[in-house]
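Coordinate inspection notes
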Amino acid sequence: EAGVTQFPSHSVIEKGQTVTLRCDPISGHDNLYWYRRVMGKEIKFLLHFVKESKQDESGMPNNRFLAERTGGTYSTLKVQPAELEDSGVYFCASSLEDRGYTDTQYFGPGTRLTVL
Amino acid sequence: GQQLNQSPQSMFIQEGEDVSMNCTSSSIFNTWLWYKQDPGEGPVLLIALYKAGELTSNGRLTAQFGITRKDSFLNISASIPSDVGIYFCAGLVHGGSQGNLIFGKGTKLSVKP
């Protein structure tokens, strides 16, 4: 069974440009999460989808970030316009059921975003 | 916000040595998780702990959920070269969102030169 996949693996853009990251969760997983790790810092939660609905978006930094999951399958995370501090590795994770503490989140390989 | 203090930040290992790392917080956690990240990959779950005092092993790895629910440790016995990587503790805060994992900054394991 395929794991969580993310595209692209790397993206280098200039400040002010727009970038869209994509995440394909494990097939059948209703829960999809976005996380970000800025260099030298901890991995931080951004938001959580249950199917196509945003369950928790408390970690989204500001309104330059827009996440969507139309149809409840893959998700996109758009950054517009990108700023230097947006650089980091963006991870996507998915889990089967929203059972909270008993549910395992499986992580994708991440997208490394560099804003110049 | 909630924070996990993970230590050490980095360590060098020699094959055969035992390794220990821990995470502490001022917040109470319902779940403690330990992940490992290899270069170019995402974090992979090693051990999950759900009850205070719980001690769980996975091969050469052993982790414990602290009695106070504010800390956890991970031990690796008889380390081997493939143990190198970054280890993260993570947890779900009591009373917090059930999907919002809080991560430590990671412990980087490298081979002793």
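Conventions and cut-offs
- Numbering of residues starts from 1 in each chain and follows the order in which that chain's sequence is written.
- Labels are handed out in written order, letters beginning with A for the chains and numbers beginning with 1 for the ligands.
- Per-residue local features of the predicted model are confined to residues with pLDDT of at least 70, and side-chain atom pairs are confined, for both listing and counting, to 80 or more; whole-chain, interface and lining totals are unaffected and use all residues.
- As a rule here, side-chain values cover all heavy atoms of the structure and leave hydrogens and water aside.
- Grid points spaced at 1 Å over the protein atoms alone were grouped into cavities, where a 1.4 Å probe fits but cannot get out, and pockets, open sets with protein on both sides within 12 Å along at least five of seven lines, with lining residues defined by an atom within 4 Å of a point.
- Grid points are joined across faces, edges and corners, and a volume is the space filled by probe spheres set on the points.
- What counts as a helix is a DSSP run of H or I of at least four residues, what counts as a strand is a run of E of at least two, and both are numbered from the N terminus.
- Think of it this way: DSSP has to see at least two bridges between two strands before they count as a pair.
- Think of each axis as a best-fit line through the C-alpha atoms, taken over the contacting stretch in the case of a helix, with angles from 0 to 180 degrees between the N-to-C directions.
- Should any heavy atoms of two residues lie within 4.5 Å, those residues are considered in contact.
- Accessible area that two parts lose when put together, with a 1.4 Å probe and added across both, is what the buried area reports.
- For this document, the term salt bridge refers to a Lys or Arg side-chain nitrogen within 4 Å of an Asp or Glu carboxyl oxygen.
- In protein, a polar contact requires one atom able to donate a hydrogen and another able to accept it; more generally it is a pair of N or O atoms within 3.5 Å, and residues adjacent in sequence count only if both atoms are side-chain atoms.
- Residue type decides the class: Asp, Glu, Lys and Arg count as charged, Ala, Val, Leu, Ile, Met, Phe, Trp, Tyr, Cys and Pro as nonpolar, and the leftover types, Gly among them, as polar.
- Each residue is assigned to one of three classes by its accessible area relative to the maximum for its type, calculated with a 1.4 Å probe on protein chains only: buried under 20%, partly exposed between the two thresholds, exposed over 50%.
- In this text, buried Ala, Val, Leu, Ile, Met, Phe, Trp, Tyr and Cys residues form a nonpolar core when linked through side-chain atoms within 4.5 Å.
- Any cysteine sulfur atom paired with another within 2.5 Å is treated as part of a disulfide.

Topic: the layout of surface pockets
Estimated volume of the largest pocket: approximately 530 Å³. In terms of lining, the largest pocket is formed by 24 residues, of which the most central are Arg 37, Val 89, Phe 91 and Arg 112 of chain A together with Gln 37 of chain B. Taken together, the elements giving at least two residues each to the lining of the largest pocket come down to strand 9 (88-95) and strand 11 (111-115) of chain A together with strand 9 (85-93) of chain B. It is strand 11 of chain A that contributes the most residues to the lining of the largest pocket, four residues altogether.

Examining the sheet that holds strand 8 (residues 71-76) of chain B
Strands pair in a sheet through their backbones, by hydrogen bonds, and they do so in one of two ways: parallel or antiparallel. Residue and element names in this part refer to chain B. Reading across from one edge, 1-3-8-7-6 is the order of the five strands in this open sheet, with antiparallel pairing throughout. Edge strands, defined here as strands with exactly one partner in the open sheet, are strand 1 (5-7) and strand 6 (55-58). This sheet shows a mean twist of 15° between the axes of neighbouring strands, independent of strand direction. By the bridge criterion, six bridges tie strand 3 (residues 19-24) to strand 8 in an arrangement that is antiparallel. Note on strand 8: the bridge partner recorded for Thr 24 is Asp 71.

With respect to the interface of chain B and chain A
At the junction of the two partners, chain B supplies 20 residues and chain A supplies 20 residues. A combined buried area of about 1600 Å² lies between chain B and chain A, and 57% of that area is made up of carbon and sulfur atoms. The interface formed by chain B and chain A contains zero salt bridges. Scanning the region where chain B abuts chain A turns up two residue pairs in polar contact (both at pLDDT 80 or more). Considering only residue class, the side of chain B that touches chain A consists of nine nonpolar, nine polar and two charged.

As for the pattern of salt bridges
Applying the stated rule across the entire model yields seven salt bridges over all chains. The closest approach of N and O atoms between Arg 22 of chain A and Asp 24 of chain A, which form a salt bridge, is 2.7 Å. On the accessibility criterion, Arg 22 of chain A (32% relative accessible area) is partly exposed. Across the pair Lys 112 of chain B and Glu 17 of chain B runs a salt bridge, and its minimum N-O distance is 3.2 Å. Placement of Lys 112 of chain B in the segment after strand 11 (107-111) and of Glu 17 of chain B in the loop between strand 2 (10-13) and strand 3 is noted, with a sequence separation of 95 residues between them.

Comments concerning the nonpolar core
All names here are of chain B. The biggest cluster of nonpolar side chains holds 22 residues, and the ones touching the most others in it are Met 21, Leu 74 and Leu 109. When contributions to this core are tallied by element, the ones reaching two or more residues are strand 2, strand 3, strand 4 (29-37), strand 5 (44-49), strand 7 (61-65), strand 8 and strand 9. Among residues more than four places away in sequence, those in contact with Met 21 are Gln 6, Ser 7, Pro 8, Trp 34, Ser 72, Phe 73, Leu 74, Ile 76, Tyr 87, Thr 107 and Leu 109.

Topic: the state of the cysteines
Using the criterion set out here, one finds two disulfides over all chains in the structure. A sulfur-sulfur separation of 1.8 Å characterises the disulfide bridge that pairs Cys 23 of chain A with Cys 92 of chain A. Where Cys 23 of chain A bonds to Cys 92 of chain A through sulfur, the torsion about that S-S bond is close to -65°, and the disulfide is left-handed. With a gap of 69 residues between them, Cys 23 of chain A in strand 3 (residues 19-24) and Cys 92 of chain A in strand 9 connect regions that are remote in the sequence. Of the residues examined, Cys 92 of chain A reaches a relative accessible area of 0% and is grouped as buried. The disulfide partner of Cys 23 of chain B is Cys 89 of chain B, and the S-S distance across this bridge is 1.7 Å. On the S-S bond that ties Cys 23 of chain B to Cys 89 of chain B, the torsion sits near -80°, and the link is left-handed. Here Cys 23 of chain B, found in strand 3, pairs with Cys 89 of chain B, found in strand 9; they are 66 residues apart in sequence, far enough to count as distant. Grouping residues by exposure puts Cys 23 of chain B and Cys 89 of chain B together as buried.

Let's talk about the sheet that holds strand 3 of chain A
All names here are of chain A. Ordered in space as 1-3-8-7, the four strands form an open sheet in which the pairing is antiparallel. Every other strand in the sheet has two partners, leaving strand 1 (5-7) and strand 7 (65-68) as the edge strands with one partner each. Between one strand axis and the next, the sheet turns by 15° as a mean value, whatever way the strands run. Pairing of strand 3 with strand 8 (residues 75-79), which is carried by five bridges, proceeds in the antiparallel orientation. Looking at the pairing, Arg 22 lines up with Thr 76 of strand 8.

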